[in-house]
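Summary of the model geometry
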Amino acid sequence: MRASILGSVLAAALACACSAAAAAAADETARCKAEAADVTIVRDDWGIAHVHGKTDAEAVFGMIYTQAEDDFARVEANYLTSLGRTAEAEGEGKIWRDLRQRLFIDPEDLQARYAASPAWLKALMEGWADGLNYYLATHPNTVPKVITHFEPWMALSFSEGSIGGDIERADLKDLEAFYGHRPELHAQVDSGFREPSGSNGIAIAPSITAGGHALLLINPHTSFFFRSEQQIASDEGLNAYGAATWGQFFIYQGFNTHAGWMHTSSGVDNVDRFAETIVEQDGKPFYRYGADLRPVTVSTVTLRYRGKDGAMAARTFTVYHTHHGPIIGAADGKWIAIALLNSPTAALEQSFLRTKTSDYASFMRVAEHKANSSNNTLFADDKGEIAYLHPQFVPRRDDRFDYRQPVDGSDPATDWKGLHALSELPSIVNPPNGWVFNTNDWPYSAAGPDSPKRADYPRYMDTAGENPRGLHALRVLTGARDLTPQGLIAKAYDPYLPAFARLVPTLTAAWDALPASDPRKAALAGQVALLRNWDLRWAADSTATSLAVFWGEALWTAMGEHIETEFKPIYEFKPIFEYLAAQSSPDQKLTALRTASDRLTADFGGWRVAWGEINRFQRLNDDIVQTFHDDRPSIPVPFTSAEWGSLASFGAKRYPGTRRYYGTSGNSFVAVVEFADKVHAWAVTAGGESGDPASPHFNDEAKRYAGGNLREVYFYPEQLAGHTERTYRPGDAAASR
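The sections below set out a description of the structure shown in this document. Nothing here was measured: the structure is a model prediction, and the numbers come from that model.

Quick word on the overall build of the protein
Counting secondary structure elements, the protein contains 21 helices and 29 strands. For the protein, whose C-alpha radius of gyration is 27 Å, the value lies close to the compact-globule estimate of 27 Å for 737 residues. Along the longest, intermediate and shortest principal axes, the C-alpha atoms of the protein span 105 × 75 × 55 Å. The proportion of buried residues among the 737 residues of the protein is 57%. Charge separation in the protein, taken as the distance between the mean sites of 70 positive and 91 negative side-chain charges, equals 3 Å.

Structure below.
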């Protein structure tokens, strides 16, 4: 009898809880529906969303709603990463990535930060969560992998926008070796050929433009389909257009009616590792700091993961922190702590507020948040101001120490000593030459001869040095005059390959030096003649481009094992092609040419193959990790890897079962903006706006992308006239696709 009564009580309690949850969900949906009534979405004929809300928060609501319409899977995936919950969707193999994230991201801490945020920022985060939850409520066929309800505080977990956050500098193998108690696991140095990540940005002053207006090139090089192209506007002064990383409520790289900003990955050293000397006392860990022993902070992190049977399981880790940061590994008997920027609220404030700036002065006021750690910025405005800006988060350190390696954490002299003032950074404003650029290289050539001088700054201001794209940018910008927007586009797609300008003469010299009796003289005569007469420019119909790329990759592979031990010490801050040219022997160069010829012949039936036959763009489905097939449709792409100096880069390679190269990164969004009386812009994005293969906008920009054929941006309502596909409000049944 008592069991029956207890069961009835439990059933009633459960029913009440379910009823309360259902009522809360209904209330939330009703509230969101009222919010949606103040949001208008216009889709143009490229599927791009132009969102307007009465308030900034309502505009954010509509902005994230349209992102979910276009690719909810990528929105959720980014938050699984940022919250340290990817293993809940993809299994135990992702648990080390989640652990790395959770060393910095604590949900309780983020909830407290949200509660303490200024009212305007809380409103934006609430609009963001409402937009995603309203999308899920009105699209029951969308089934999240993990996150069925978004909370406002979650926006703080992913607040800067870079393709790879600073946290990714902690190596997963080292993390697993330490916390998985597997000392045999350690990070392996990758010395093979790889596509560099990063971006291009160029700002042009009115003094060297035909129209007397500043120009800005926005050209992120990321994984394809990593960002959405959108316009977001409100009656509170917001009106920004550009690329927004899936799941974020600010335009990361773009422009408004007065100013534009382009971010490139920086070579500044502001993520440091400290080797901690650990002493155990009474079974507890301490670390040495000067003459003292300090207790290591010990805590636990519990991570859930999806088992092979689909059921959820959990693992709990004991994790450690010193005042430098969390422990991420061990080396030479020391524990390694990592220090980096972790200011989610300030980062989110800076990321959003910069989209409402109107000139250089207001942009720099926002930059005083100092919560941008990984991005250089190229800036231009309608006053004619241009600038290269270094990341604003730069810790002040003792330059005696080489912070590229772990420094002695027991020595107080190695500690960070506050942040540099913005005036102490190697930034450039309105240089006399009329242009600034960055291609993820150092700031010391960003304005040619008007650049900052390396000797005037600490070593840690840059660890990147020069790169092939930077050398190319210097070539196309030096002496530029009377530039038009179309002229800047042409420079962004200039086909010259500076790496081969240096490499090919060393190959022809090696062949020239061969005696006539050497069998390689005849065997390689055709190949050498092709490269000797090549104009060093990529083209889809160029057979020399194919041979040069295959030869360069073969030479890189042959020299790869020496890159860490020889290249970096000898050619510090120089591109790898300089090392390949000078340090590979004539025999190695000729052998690599033979290898390249044989590979082309084996894969394509001969060594004279048009580059466009090999280098392809293919988008077949909505998988986040793409697969490729030679027997499925694809289109030729003329530009090459950034390693050879192609400004319009295309990171491509062979995949299992393919002979052709397929690109997955590089030019992903390209825009040129002119800041005249009214802003005027042209843009193109890889593939198309939608992640839905059934959408007409899944791949409608692919040929434009491959051809560098930018389309006009419809920024003003009058530009949208005649180019509107549909107008609707979030939740409208007619808008569902």
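Don't stop here, the text continues.
Here's the deal with the pairing of strand S14 (residues 312-322)
Of the strand pairs in this sheet, strand S13 (residues 297-306) and S14 are connected by 10 bridges, and their pairing is antiparallel. Bridge pairing links Tyr305 to Ala313 in S14. The turn linking S13 back onto S14 is made up of 5 residues, and Gly310 within it adopts a positive phi angle of 90 degrees. Of the pairings in the sheet, the one linking S14 to strand S15 (residues 325-331) comprises 2 bridges and is antiparallel in character. Looking at S15, one finds that His321 is bridged to Pro326. The turn joining S14 and S15, which pair antiparallel and follow one another in sequence, is formed by 2 residues.

A look at the packing of aromatic side chains
Tallied over the full model, the rule gives 46 aromatic pairs. Here Phe61 and Tyr134 contribute two aromatic rings whose centre-to-centre distance is 5.9 Å and whose plane-to-plane angle is 40 degrees, an arrangement assigned as tilted. Here Tyr134 lies in helix H6 (residues 119-138) and Phe61 lies in helix H2 (residues 56-83), a separation of 73 residues in the sequence. Residue class for Phe61 comes out buried when judged on its relative accessible area of 0%.

Observations regarding empty space enclosed by the protein
Under the counting rule described, the total for this entry stands at 3 cavities of 30 Å³ or more. Quantified by volume, the largest cavity comes out at close to 160 Å³. Along its surface, the largest cavity is lined by 19 residues, and Phe225, Phe226, Arg227, Ser228 and Thr685 are the ones closest to its centre. For the lining of the largest cavity, the element with the highest residue contribution is strand S5 (residues 227-234), accounting for 3 residues. Among the residues forming the lining of the largest cavity, the class breakdown is 7 nonpolar, 7 polar and 5 charged.

With respect to the pattern of salt bridges
Applying the stated criterion to the full structure yields 32 salt bridges. Glu92 is the salt-bridge partner of Arg315, the closest N and O atoms lying 3.1 Å from each other. Of the two residues, Arg315 is situated in strand S14 and Glu92 in the loop between helix H3 (87-90) and helix H4 (95-102); the sequence distance between them amounts to 223 residues. Under the relative-accessibility criterion, Arg315 is labelled partly exposed at 28%. The shortest N-O distance in the salt bridge between Glu613 and Arg660 comes to 2.9 Å. Of this pair, Glu613 sits in helix H19 (residues 611-614) while Arg660 sits in the loop between strand S24 (650-653) and strand S25 (661-667); the two residues are 47 residues apart in sequence, bridging distant segments of the chain.

What about the nonpolar core?
Ranked by internal contacts, the top residues of the largest apolar core, which has 99 residues, are Leu99, Trp128, Tyr179 and Phe249. By residue number, the principal contributor to this core is H2, which donates 13 residues. Not counting chain neighbours up to four residues away, the residues in contact with Tyr179 comprise Trp96, Leu99, Leu103, Phe317, Thr318, Val319, Tyr320 and Ile327. Within the second largest apolar cluster, 82 residues are counted, among which are Leu483, Val609, Val637 and Val684.

Considering helix H7 (residues 172-179)
Since one α-helical turn is 3.6 residues long, residues separated by three or four positions face the same way. Buried within H7 we find Leu175, Glu176, Ala177, Phe178 and Tyr179. Tucked inside the fold, the buried residues of H7 contact H4, S14, S15 and strand S16 (334-339). Backbone geometry just downstream of H7 places His181 in the positive-phi region, at approximately 55 degrees.

Topic: the side chain of Thr86
With respect to the secondary-structure elements, Thr86 resides in the loop between H2 and H3. For Thr86, the contacting residues outside a window of four places in its chain are Leu80, Thr81, Gly91, Lys94, Arg97 and Asp98.

Observations regarding the sheet that holds S14
Spatially, the 6 strands line up as an open sheet ordered S13-S14-S15-S16-S9-S19, and their pairing is mixed. In this open sheet, the two strands that pair with only one neighbour each are S13 and strand S19 (407-408). Helix-sheet contacts for H4 involve S13 and S14, and the interaxial angle to S13 is about 140 degrees. Its contacts with the sheet place H7 against S14, S15 and S16, and it is angled at close to 85 degrees to S15.

Quick word on unusual backbone geometry
At Asp332, a residue that is not glycine, the phi angle is positive and equals roughly 55 degrees. Among the secondary structure elements, Asp332 is positioned in the loop between S15 and S16. The backbone of Asp482 sits at a positive phi, close to 50 degrees, despite the residue not being glycine. Topologically, Asp482 is positioned in the loop between helix H10 (468-477) and helix H11 (485-492).

Some thoughts on the pairing of strand S12 (residues 292-295)
Note on strand geometry: in a regular strand, side chains alternate between the two faces of the sheet. Where strand S11 (residues 284-289) meets S12, 4 bridges bridge the pair, whose relative direction is antiparallel. The residue bridging Tyr287 from the neighbouring strand is Arg294, located in S12.

Overview of the packing of helix H14 (residues 525-532) against helix H15 (residues 543-559)
Contact pair H14 / H15: the axes reach a minimum separation of 9 Å and the direction vectors enclose 110 degrees. The pairing of H14 with H15 is recorded here as roughly perpendicular in orientation. When you trace H14 past H15, the crossing you get is left-handed. Facing H14, whose interface residues are Gln527, Leu530 and Leu531, H15 presents Thr543, Ala544, Leu547 and Ala548. Split into classes, the residues belonging to the contact of H14 with H15 amount to 5 nonpolar, 2 polar and no charged.

Rules used in this analysis
Residues numbered from 1 in each chain as written. Predicted model: local features only at pLDDT ≥ 70, side-chain atom pairs only at ≥ 80, totals over all residues. Heavy atoms only, no water. Helix = DSSP H or I, 4+ residues; strand = E, 2+ residues; numbered from the N terminus. Rg over C-alpha atoms; globule rule 2.2 N^0.38 Å. Buried < 20%, exposed > 50% of the residue type's maximum accessible area, 1.4 Å probe, protein only. Lys, Arg positive; Asp, Glu negative; His and termini not counted. Charge placed at Lys NZ, Arg CZ, Asp CG, Glu CD. Pairing = 2+ DSSP bridges. Phe/Tyr/Trp six-rings, centres within 6.5 Å; stacked < 30°, edge-to-face > 60°. 1 Å grid on protein atoms, 1.4 Å probe; cavity = no way out; pocket = protein on both sides within 12 Å on 5 of 7 lines; lining within 4 Å. Points joined across faces, edges and corners; volume = space filled by probe spheres on them. Nonpolar A, V, L, I, M, F, W, Y, C, P; charged D, E, K, R; others polar. Salt bridge = Lys/Arg side-chain N within 4 Å of Asp/Glu carboxyl O. Core = buried A, V, L, I, M, F, W, Y, C linked by side-chain atoms within 4.5 Å. Contact = heavy atoms within 4.5 Å. Axes fitted to C-alpha atoms, helices over the stretch in contact; angles between N-to-C directions. Parallel < 35°, antiparallel > 145°, perpendicular 65-115°, else oblique. Left-handed = near helix turned anticlockwise from the far one by under 90°.

These results come straight from atomic positions and should not be treated as a statement about function.
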